[in-house]
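# Summary of structural features
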Amino acid sequence: MTSGLIELAGIERVFRLGDSEVHALRRLDLQIASGEYVSVMGPSGSGKSTLLNLLGLLDRPDAGTYRLAGRDVTTLSADEQARLRSERIGFVFQSFHLVPRLTAAENIALPMVLAGIAPSRRAERIASALRDYGLENRADHRPDQLSGGQRQRVAIARATIMQPAVILADEPTGNLDRATGEEVVRLLETLNERGVTLIVVTHDAGLGARAQRQLLMEDGLLQHDRRRGSETPGPCVAPT
Amino acid sequence: MRSADLISFARDAAAGHPLRTVLLVLAMAIGVAAVVVLTALGDGARRYVLNEFSSIGSNLVIVLPGRSQTGGFNPGNAVTSTPRDLTIDDAQALLRASSVYRAAPLAVGTSEISYGGKLREVTVVGTTAEFVEVRRLSLAHGRFLVTGDWRRGASEAVIGARIQDEMFGRQNALGQLVRVGDRRFRIVGVLAASGQGLGMNTDELVILPVPLAQAMFNSNTLFRILVEASSREAIDSAKAQVSEIIRLRHEGELDVTVITQDAVLATFDRLLGTMTLAVAGIAAISLAVAGILVMNVMLVSVTQRTAEIGLLKALGASAATIRNAFLAEAAMLSIAGALVGLLLGHAGAAIIRQLYPAYPAFPPAWAVIAGLATALTTGVLFGVQPARRAARLDPVQALARR
């Protein structure tokens, strides 16, 4: 296997709840190549959200190393991690997480605003994003004036506006009905077809099954690492 | 994040909660307005008093009988401790001093004036023709007392504007004979109305030649001697010369108090300036309260916007960006409050000036600047802690909040 975009080695994440320690992730090893479409499934508390947060540099592991595009990012400062999030990672959340007082266009522009991109360059990219996601006549609407599907489209447009290498989606269809959910998944898959690495965390077996590579997590461990068509034993499963 | 974006982001965040923003701006505005109005009142009082004092004449040196403090052993003290009277001769002797331009003796008492069956109690001032110059008084009708021998005087009187109104109404008082105490006087002049004055209200005076007034009060002593120095620079030497002359005439004992108008003015200036400062300090407390309110509101805002802060972090905002966004919001609210307060304060001062035209209620420039600066610093200072709290939020936990 070629050196992956994402390489996790011996990742541990322990939460302390009162006296007890909860091992959210146990010595996890995982490699994801650039352009892969990966779904992460598992019951609640299996550690899949923790994995997503670690991949998104929102959380730090207690042990192990995380290499993103060949660079060890576990030791970076918070501000350097923030810059990496800005440049390389796009998030799509179950509850959309749009800023309620900003219009659709402003929400989409937010990552560029935070990155300090000049307004003239922003306008161009917002216009093309609105066009790509069919939101041209919703540009000046605030989130509460948009349907669920439109909100998630705005969120995806926002996640992709900085042209990240990885999109991390946490239950992207969880708050949507089946038809709109389908539409949103197709959008994400289109992005993947254009070369963006897509990692989707979901409860929905149907959604999970669409990915080329399916990870099943249980108790902080990878139980299966299955590729569409052939079942291969997970190379990264670490028995304890 | 570019500063223009930071400002519009903070502005939108403030506009997103209109009630919260309005209340906060109002609190800050009340604080600043209180500083502006109260200092306008304090400084207005200072100016009012200074104006009144200046209007009693210029380059004045005032001689009072009696001494409020002793200056060590003095042979005169061994003989007697009661002050000698201040006499017309003393006043006349002062004219010999080189720095003295004019002097006016003053004998004051109360008596009754009667005319045409009307009787009124009045303050009687016995003085000389120089009084009108020294005190810078102006006459509405007629003339003032005639110049001449201070020890003799004609039975002539000059009355204040209010006495004219009350005793004579619309009738011309000039040339009328009135009874003051047990003597008859012919009215030769009426003073121009001067409005409310400090200490002595010239509108209610009856002015007589000093020897006649002294005879009426059966006393040789003077209440004051008003001395006008020949120039502003000569005030100090006039004071020294006046003290020396009186001391020589009073057998080596300085048993009078000589004060200069400047000293009195300076005292009042200091006193009322301190009062204005104190009032400004009290008003500044309301600014501190507003600052605490800023902190409270910003803390609530951080809690309310936890999910948003988590999102901003996920989208690549650094801790500094988030801190700056919240600081900018606090600063913006404080500036808005300060500006609104400035407007309210100036409007309040204008209303006071409208209601009391004699009262110069202008807020001093230093107070306005200090008020604005305090508002801004308290707002930003109290905004620092909430901003830091926002910047330190853990993105995972923040995002989990709805």
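Residues numbered from 1 in each chain as written. Chains lettered and ligands numbered in written order. Predicted model: local features only at pLDDT ≥ 70, side-chain atom pairs only at ≥ 80, totals over all residues.

## Some details on the overall build of chain B
Looking only at helices and strands, chain B has 13 helices and ten strands in total. Relative to a compact globule of 402 residues, whose C-alpha radius of gyration would be 21 Å, chain B shows 33 Å and is clearly more extended. Restricting to contacts in chain B with at least 6 residues of sequence separation, those with at least 24 account for 83%. (Helix = DSSP H or I, 4+ residues; strand = E, 2+ residues; numbered from the N terminus. Rg over C-alpha atoms; globule rule 2.2 N^0.38 Å. Contact = placed C-beta atoms within 7 Å.)

## Structural notes on the overall build of chain A
Looking only at helices and strands, one finds seven helices and ten strands in chain A. Relative to its length of 240 residues, chain A is compact, with a C-alpha radius of gyration of 18 Å against a globular reference of 18 Å. For chain A, the C-alpha atoms occupy an extent of roughly 55 × 40 × 40 Å along the three principal directions. When the 240 residues of chain A are sorted by exposure, 46% land in the buried category. Across chain A, the fraction of contacts at a sequence separation of at least 24, relative to all contacts at a separation of at least 6, is 69%. (Buried ≥ 20, exposed ≤ 12 C-beta atoms within 10 Å, placed from the backbone.)

## Some details on the domain arrangement of chain B
When cut into domains, chain B gives domain 1 (3–53 + 266–400) and domain 2 (67–254). Look at where the C-alpha atoms of domain 1 of chain B and domain 2 of chain B centre, and you get two points 55 Å apart. (Domains from an automatic or database assignment.)

## Topic: the packing of helix α2 (residues 18–54) of chain B against helix α9 (residues 261–304) of chain B
Residues and elements named next belong to chain B. Following both chains from N to C, one finds α2 and α9 inclined at 175 degrees, their axes separated by 9 Å at the closest point. By the angle between their axes, α2 is roughly antiparallel relative to α9. Here the residues of the contact of α2 with α9 are counted per class, giving 26 nonpolar, seven polar and four charged. (Axes fitted to C-alpha atoms, helices over the stretch in contact; angles between N-to-C directions. Parallel < 35°, antiparallel > 145°, perpendicular 65-115°, else oblique. Nonpolar A, V, L, I, M, F, W, Y, C, P; charged D, E, K, R; others polar.)

## Regarding the environment of A:Val185
Residues and elements named next belong to chain A. With respect to the secondary-structure elements, Val185 resides in helix α6 (residues 178–193). Overall, the presence of 21 C-beta atoms within 10 Å leaves Val185 in the buried class. Between the C-alpha atom of Val185 and that of Leu207, which follows or precedes it by 22 residues, the distance is 8.0 Å. Not counting chain neighbours up to four residues away, the residues in contact with Val185 comprise Thr173, Leu207 and Arg210.

## Side note on helix α7 (residues 210–217) of chain B
Working note: α-helix, 3.6 residues per turn, so residues spaced by three or four point in the same direction. Residue and element names in this part refer to chain B. Residues Val210, Leu212, Ala213 and Gln214 constitute the buried set of α7. Its buried side turned inward, α7 meets α4 (88–94), β2 (100–115), β3 (118–127), β7 (183–191) and β8 (205–209). Directly after α7, the chain includes Asn218, whose backbone phi takes a positive value near 55 degrees.

## Description of the interface of chain A and chain B
The partner chain B presents 20 residues to the 22 residues of chain A that form the contact. Its residues assigned to classes, the side of chain A that touches chain B comprises eleven nonpolar, six polar and five charged.

## Notes on the nonpolar core
Counting residues in hydrophobic clusters, the biggest one holds 131 residues, and the most contacted among them are A:Ile167, B:Met28, B:Val32 and B:Val35. No other element matches α2(B), which puts 14 residues into this core. Apart from the residues within four sequence positions on either side, A:Ile167 is in contact with A:Gly90, A:Val92, A:Ala159, A:Leu188, A:Leu191, A:Val196 and A:Leu198. Core analysis: the next-biggest nonpolar cluster, separate from the first, contains 58 residues, B:Leu86, B:Leu106, B:Leu145 and B:Val190 among them. (Core = buried A, V, L, I, M, F, W, Y, C linked by C-beta atoms within 7 Å.)

## A few points about the pairing of strand β6 (residues 177–180) of chain B
Residues and elements named next belong to chain B. Only one face of β6 is covered, namely the face carrying Val178 and Val180; the face carrying Leu177 and Arg179 is uncovered. Across two bridges, the pairing between β2 and β6 is antiparallel. Across the sheet, the residue bridging to Ser114 is Arg179, located in β6. Pairing between β6 and β7: four bridges, direction antiparallel. Across the sheet, residue Arg179 finds its bridge partner in β7, namely Arg184. Count of turn residues in the β6/β7 antiparallel hairpin: two residues, of which Gly181 carries a positive phi of about 60 degrees. (Pairing = 2+ DSSP bridges.)

## Some thoughts on the sheet that holds strand β8 (residues 197–201) of chain A
Residue and element names in this part refer to chain A. Read across the sheet, six strands follow the order β6-β7-β8-β3-β9-β10 without closing on themselves; strand pairing throughout is mixed. The outermost strands of the open sheet, each flanked by one partner alone, are β6 (89–92) and β10 (221–227). Pairs of neighbouring strands in the sheet enclose a mean axial angle of 15 degrees, with direction left out of account. Across five bridges, the pairing between strand β7 (residues 166–170) and β8 is parallel.

## Some points on the sheet that holds strand β1 (residues 6–17) of chain A
All names here are of chain A. Within the open sheet, the four strands sit side by side as β2-β1-β4-β5. Their pairing is antiparallel. Of all the strands in the sheet, the pair left with one neighbour each is β2 (20–32) and β5 (71–72). As defined by bridge partners, β1 adjoins β2 across nine bridges and the pair is classed as antiparallel. Among the inter-strand pairings, Ile11 is bridged to a residue of β2, identified as Leu28.

## Let's talk about the environment of B:Ala336
All names here are of chain B. When you line up the elements, Ala336 lands in helix α11 (residues 319–355). Note on Ala336: 20 C-beta atoms within 10 Å, which makes it buried. Taking the C-alpha atoms as reference, Ala336 lies 9.5 Å from Leu24; in sequence the two are 312 residues apart.

## Looking at unusual backbone geometry
Residues and elements named next belong to chain A. Of note in the backbone geometry, Asp219 takes a positive phi value of approximately 50 degrees without being a glycine. Note that Asp219 resides in the loop between β9 (213–218) and β10. Judged by the 16 C-beta atoms lying within 10 Å of it, Asp219 falls in the partly exposed class.

## What about the pairing of β10(A)?
Residue and element names in this part refer to chain A. With six bridges connecting them, β9 and β10 associate as antiparallel partners. Looking at β10, one finds that Leu215 is bridged to Asp225. In this antiparallel pair of consecutive strands, β9 and β10, the connection spans two residues, and Asp219 shows a positive phi of 50 degrees.

## Focus on the packing of α11(B) against helix α12 (residues 365–392) of chain B
All names here are of chain B. Close contact between α11 and α12 brings their axes to 8 Å; oriented N to C, the two are set at 155 degrees. As the angle between them shows, α11 and α12 are arranged roughly antiparallel. Remark: the crossing between α11 and α12 carries right-handed chirality. Of the residues contributing to the contact of α11 with α12, the split by class is 20 nonpolar, five polar and two charged. (Left-handed = near helix turned anticlockwise from the far one by under 90°.)

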